[in-house]
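Inside the fold
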Amino acid sequence: MARRNLTRTKMRSLLASLGIVIGVVAIASLGMFGVALQYSFTQNLGNVGNQLTVYPNSGENVTELTERDIRTIRREASPTATVSPVKTRVGTVSYNREDAASETIYGVENPAALYEAQEGRVSPFRTGALIGSDVAEEHDLHPGSQITVNGTSVRIRAVLEEGDAFSSANPDNRIIMPVGSFSERSYSEVYITESTGTRANETAMGIRDSLNDREQRVSVQELGSLVDTIEQQFQIINTVLAGIASISLLVAGISILNVMLMSTVERREEIGVLRAVGYQKRDILKVMLMEATLLGFLGGIVGVALSVGAGLAINHYAVGDAMAVFRLPNVWYVGAAFTFGVLTSIVSGLYPAWKAASEEPVDALRG
């Protein structure tokens, strides 16, 4: 009976369910867009959750790390960790006979533990220089090319692979030379790579306890906490987007409420006849609620289909993998949007259904 009643006013039923379709698509699509944006961003972070950077605490006028500090850091790190002390100095660098410019030169003890070569070989590294991919691209440099550092000609041994954008050890814009070429005995920072984010946190706490016992000598940057903070911010953004999209479902609910009220008024005599021939209040209530449920269910099904199509496009262009739409967060958003759409329809149909069921048969027939 509910199905028949809806088909009697096809256009009105279609417009009412269209509101549910739009609401479901809005919630699911915005949710999937937020997930795709978060995944794309965290993917660019790379595997930095297990990385630490230790550097002097300039706030306490500490400007360098000593050999003793390096030994302490190595002791606190796990046996499987990679500990890479770094020296820096400012020098004049000239590329391809261009005018010399001041650049920061980095000295890394074992660059093979941190970097991979895009061109050339990183290890062994006793002479020459390693350059980042951005430096190589900007100045058209390759392994074997010559650059001038502080008036001395230096041959490029390798161009390094692109690094993680948020990593302190990112080599893209750097010139790296052997530590033996530095006259400085102190170090400017230390890169540590642990096996897991949990182990990195334990190492950071151990370093702070050992080196900051009497004075705050060092600062420890944990990239894992940065990743966690970014993910939390994206979760807030996703929640706000879903909340904004849910407004469209509230509008759809008002539309269904209006349709059901109009239907109750138009079918007043029919409802009176049904009551007169033996239909109970609960029977009328069931029929009217079923009509609202069908509107929500059909609108939800169409909305889910359109949302999946939109999700395929969003993930194809934002992530480069259309099938990422089937990840668990996206499934949750689609399911939540469908459920919310159906519940909105049912809630919107409660008052019209109660109003129709409460109609006295004699008054309805007289009308």
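- Named according to an unreviewed UniProt entry, the chain is Putative ABC transport system permease protein originating from Haloarcula quadrata.
- UniProt, in its Sequence similarities (unreviewed entry) section for the chain, records the words "Belongs to the ABC-4 integral membrane protein family."
- Comment text from UniProt for the chain, heading Subcellular location (unreviewed entry), reads "Cell membrane".

**Some thoughts on a negative patch on the surface**
- Negative charge collects at one region of the surface, where Glu98, Asp99, Glu116, Glu137, Glu138, Glu161 and Glu162 lie side by side.
- As for its position among the elements, aspartate 99 is in the loop between strand S2 (82-95) and strand S3 (101-108).

**Section: unusual backbone geometry**
- Here serine 123 and proline 124 are connected by a cis peptide whose omega angle stands at -5°.
- Phi is positive for asparagine 61, close to 65°, though the residue is something other than glycine.
- Within the secondary structure, asparagine 61 sits in the loop between strand S1 (51-56) and helix H3 (67-76).
- Overall, asparagine 61 belongs to the exposed group, its relative accessible area being 70%.
- Positive phi, normally seen in glycine, also occurs at aspartate 140, with a value near 55°.
- Along the chain, aspartate 140 falls in the loop between helix H4 (133-139) and strand S6 (146-149).
- Taking the relative accessible area as the measure of exposure, aspartate 140 reaches 56% and is therefore exposed.

**Focus: the domain arrangement of the chain**
- By domain assignment, the chain separates into domain 1 (1-44 + 228-365) and domain 2 (87-187).
- The C-alpha centroid of domain 2 is placed 59 Å from the C-alpha centroid of domain 1.

**Regarding the pairing of S2**
- Among the 14 residues that make up S2, ten are buried, leaving the element largely enclosed by the rest of the structure.
- In this structure, S2 lies alongside strand S9 (residues 189-193), joined through five bridges in antiparallel fashion. Bridging across to S9, threonine 82 finds its partner in threonine 193.
- The pairing of S2 with S3 spans eight bridges and is antiparallel. Among the inter-strand pairings, glycine 91 is bridged to a residue of S3, identified as glutamate 103.
- Hairpin remark: S2 followed by S3, antiparallel, with five residues in the connecting loop; positive phi at asparagine 96, about 50°.
- Pairing geometry for S2 and S6, over three bridges, is antiparallel. Bridged to tyrosine 95 within S6 is isoleucine 147.

Rules behind the numbers
Residues numbered from 1 in each chain as written. Predicted model: local features only at pLDDT ≥ 70, side-chain atom pairs only at ≥ 80, totals over all residues. Heavy atoms only, no water. UniProt positions renumbered as here; feature names shortened; annotations may be inferred. Patch = residues over 30% accessible without salt bridge, like charges linked within 9 Å, V, L, I, M, F, W, Y side chains within 5 Å. Areas by Shrake-Rupley, 256 points an atom, 1.4 Å probe, with all protein chains shown as cover. Salt bridge = Lys/Arg side-chain N within 4 Å of Asp/Glu carboxyl O. Lys, Arg positive; Asp, Glu negative; His and termini not counted. Charge placed at Lys NZ, Arg CZ, Asp CG, Glu CD. Helix = DSSP H or I, 4+ residues; strand = E, 2+ residues; numbered from the N terminus. Buried < 20%, exposed > 50% of the residue type's maximum accessible area, 1.4 Å probe, protein only. Domains from an automatic or database assignment. Pairing = 2+ DSSP bridges.

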